[in-house]
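Now for the letters of each chain:
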Amino acid sequence: MNQTFDKQPVAFVTGASSGFGLLTSVALASEGYRVLASMRDLDNKGRLEAAAKEAGVTDRIEIIQLDVTDFSAAEAVIQDVIHRYGRIDLLVNNAGYAAGGFTEELAVEEWRRQFETNFFGLVAVTKAVLPSMRKRRSGKIVNISSISGRIGFPSMGPYVASKFAVEGFSESLRMEMLPYGVHVVLIEPGSYKTDIWSKGMGAVTINPNSPYVKEMKEILKYVNQVADTAPAPDEVIQQIVQVAKSPYPKLRYPVGKGVKLGIVLKNVLPWKWWERIVTKRFWKGS
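Quantities reported herein were computed from a predicted structural model and do not represent experimental measurements.

Conventions we followed
- Residues numbered from 1 in each chain as written.
- Predicted model: local features only at pLDDT ≥ 70, side-chain atom pairs only at ≥ 80, totals over all residues.
- Heavy atoms only, no water.
- Phe/Tyr/Trp six-rings, centres within 6.5 Å; stacked < 30°, edge-to-face > 60°.
- Helix = DSSP H or I, 4+ residues; strand = E, 2+ residues; numbered from the N terminus.
- Buried < 20%, exposed > 50% of the residue type's maximum accessible area, 1.4 Å probe, protein only.
- Axes fitted to C-alpha atoms, helices over the stretch in contact; angles between N-to-C directions.
- Parallel < 35°, antiparallel > 145°, perpendicular 65-115°, else oblique.
- Left-handed = near helix turned anticlockwise from the far one by under 90°.
- Contact = heavy atoms within 4.5 Å.
- Nonpolar A, V, L, I, M, F, W, Y, C, P; charged D, E, K, R; others polar.
- Pairing = 2+ DSSP bridges.
- Right-handed = clockwise from strand over helix to strand, strands pointing away.
- Expected span 1.5 Å × (residues − 1).
- Salt bridge = Lys/Arg side-chain N within 4 Å of Asp/Glu carboxyl O.

A. Representation of the packing of aromatic side chains in the model. This structure, assessed with the given rule, holds 4 aromatic pairs. A centroid spacing of 4.4 Å and a plane angle of 10° characterise the contact between Phe-102 and Tyr-212, whose relative ring orientation is stacked. Here Phe-102 is found in the loop between strand 4 (90-93) and helix 4 (108-136), whereas its partner Tyr-212 is found in the loop between helix 6 (196-200) and helix 7 (213-229), with 110 residues between them in sequence. Classification of Phe-102 by relative accessible area gives buried; the value is 9%. For the pair Phe-119 and Phe-169, a centre-to-centre distance of 6.0 Å together with 90° between the ring planes defines the contact as edge-to-face.

B. How the structure looks around unusual backbone geometry. Of note in this structure, Arg-137 is not a glycine but carries a positive phi near 55°. Relative to the assigned elements, Arg-137 resides in the loop between helix 4 and strand 5 (139-144). Positive phi, close to 75°, is recorded for Ser-155, a residue that is not glycine. On the secondary structure map, Ser-155 appears in the loop between strand 5 and helix 5 (157-177).

C. Broad picture of the packing of helix 1 (residues 19-30) against helix 2 (residues 46-55). Interhelical geometry of helix 1 versus helix 2 gives an angle of 30° and a closest axis separation of 10 Å. As summarised for this structure, helix 1 and helix 2 are arranged roughly parallel, according to the angle between their axes. Judged by the sense of rotation from one axis to the other, the crossing of helix 1 with helix 2 is right-handed. Residues Leu-22, Ser-25, Val-26 and Ser-30 of helix 1 pack against Arg-47, Leu-48, Ala-51, Ala-52 and Ala-55 of helix 2. Class assignment of the residues belonging to the contact of helix 1 with helix 2 gives a composition of 6 nonpolar, 2 polar and 1 charged.

D. Main features of the pairing of strand 2 (residues 34-39). The buried fraction of strand 2 amounts to 6 of the 6 residues, a majority that puts the element mostly inside the structure. Going residue by residue along strand 2, you find Arg-34, Leu-36 and Ser-38 tucked away on one face and Val-35, Ala-37 and Met-39 tucked away on the opposite face as well. Relative to strand 2, strand 1 (residues 10-13) runs parallel, the two being bridged by 4 bridges. Within strand 2, the position partnered with Val-13 by the bridge is Ala-37. Regarding the hand of the β-α-β motif, the stretch spanning strand 1, helix 1 and strand 2 is right-handed.

E. Main features of helix 1. With 12 residues, helix 1 should reach 16 Å at 1.5 Å per residue; the first-to-last C-alpha distance of 17 Å fits that figure. The buried count for helix 1 comes to 10 of 12 residues, which makes it a mostly enclosed element. Residues Gly-19, Phe-20, Gly-21, Leu-22, Thr-24, Ser-25, Val-26, Ala-27, Leu-28 and Ala-29 constitute the buried set of helix 1. One or two positions beyond helix 1, positive phi appears at Gly-32, with a value near 100°.

F. Geometry of the pairing of strand 5. In terms of burial, strand 5 is largely enclosed, as 6 of its 6 residues are buried. Alternating positions in strand 5 separate into two faces, Gly-139, Ile-141 and Asn-143 on one and Lys-140, Val-142 and Ile-144 on the other, with burial throughout. Across 4 bridges, the pairing between strand 4 and strand 5 is parallel. Counterpart to Leu-90 in the pairing with strand 5 is Lys-140. For the crossover that starts at strand 4, traverses helix 4 and ends in the parallel strand 5, the hand is right-handed. Where strand 5 and strand 6 (residues 182-189) come together, 6 bridges link them in parallel fashion. What sits directly across from Val-142, in strand 6, is Val-185. In this fold, strand 5 hands off to helix 5, which returns the chain to strand 6; that crossover is right-handed.

G. Quick look at the sheet that holds strand 7 (residues 252-255). With parallel pairing, 7 strands are arranged side by side in an open sheet as 3-2-1-4-5-6-7. The sheet is open, and its two edges are formed by strand 3 (61-65) and strand 7, each paired on a single side. Along the sheet, successive strands turn relative to each other by an average axial angle of 15°, direction set aside. The sheet strands contacting helix 8 (residues 234-245) are strand 4, strand 5, strand 6 and strand 7, and the helix crosses strand 6 at an angle near 170°.

H. Molecular detail of the pattern of salt bridges. The full count for this structure, using the stated rule, is 12 salt bridges. Here Arg-136 and Asp-89 are joined by a salt bridge, their closest N and O atoms 3.5 Å apart. In this pair, Arg-136 is assigned in helix 4 and Asp-89 in the loop between helix 3 (71-85) and strand 4, connecting sequence segments 47 residues apart. For Arg-136, a relative accessible area of 35% puts it in the partly exposed group. For Asp-89, a relative accessible area of 16% puts it in the buried group. Salt bridges sharing partners connect three or more residues here, namely Arg-150, Glu-167, Glu-171, Glu-188 and Arg-252.

See below:
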């Protein structure tokens, strides 16, 4: 173990090449963490390196390669970090993407790929840190979920399902690990300016012969409007930092304009009312 960092808290962040992962890595390093910032493709490390340099934390961030869908690699990388630094105090499971499209037109393989990254990859990385955290009776696991982990949305079935799975997994894991002093936390952001929508919905092509062509155009128009007006994700990053500092964080932290209200309305309104509100927005005149 490197004695230089013996007393420095250690954070491991997945999906750190952009978005929440990049900003979280820099923010945690600014708070004094030694950050292991992992990403699938090291060719994409330029933005993180530039942000770290601007923040003056280059010496606190180590960029490492990890494809979370390579489960044996996840185990090996995590064990190497624990061997070198003695522990991982904070795991931020951020790696993920959003697959979009109507269920009828999406191949099962697209669903599988979505779950391999957003759910099974998260589980694999989490499993790798659990023995060390349990033995030390200390640690935090922050899973980046979404408002889509609480509320379904048409044409986002794979993404929504993967985030619902993350929510259920996190509830169960929290109760398993609390007796060992390990806290599992869900961050549930609304819409923010990150690459996730442009990468996910940007890949959706509208087949002119699709029975859903009109609805898909309305949904893509809505997504583009949201992406254009979405705020920078500063409050999400602040929430993650606050959780990292908190001695006893809660399970769930909804973040963003309208997120808490949306969750409350879905839970208290009769389901028929709720589905009418959502479907009316995209099925105009259907």
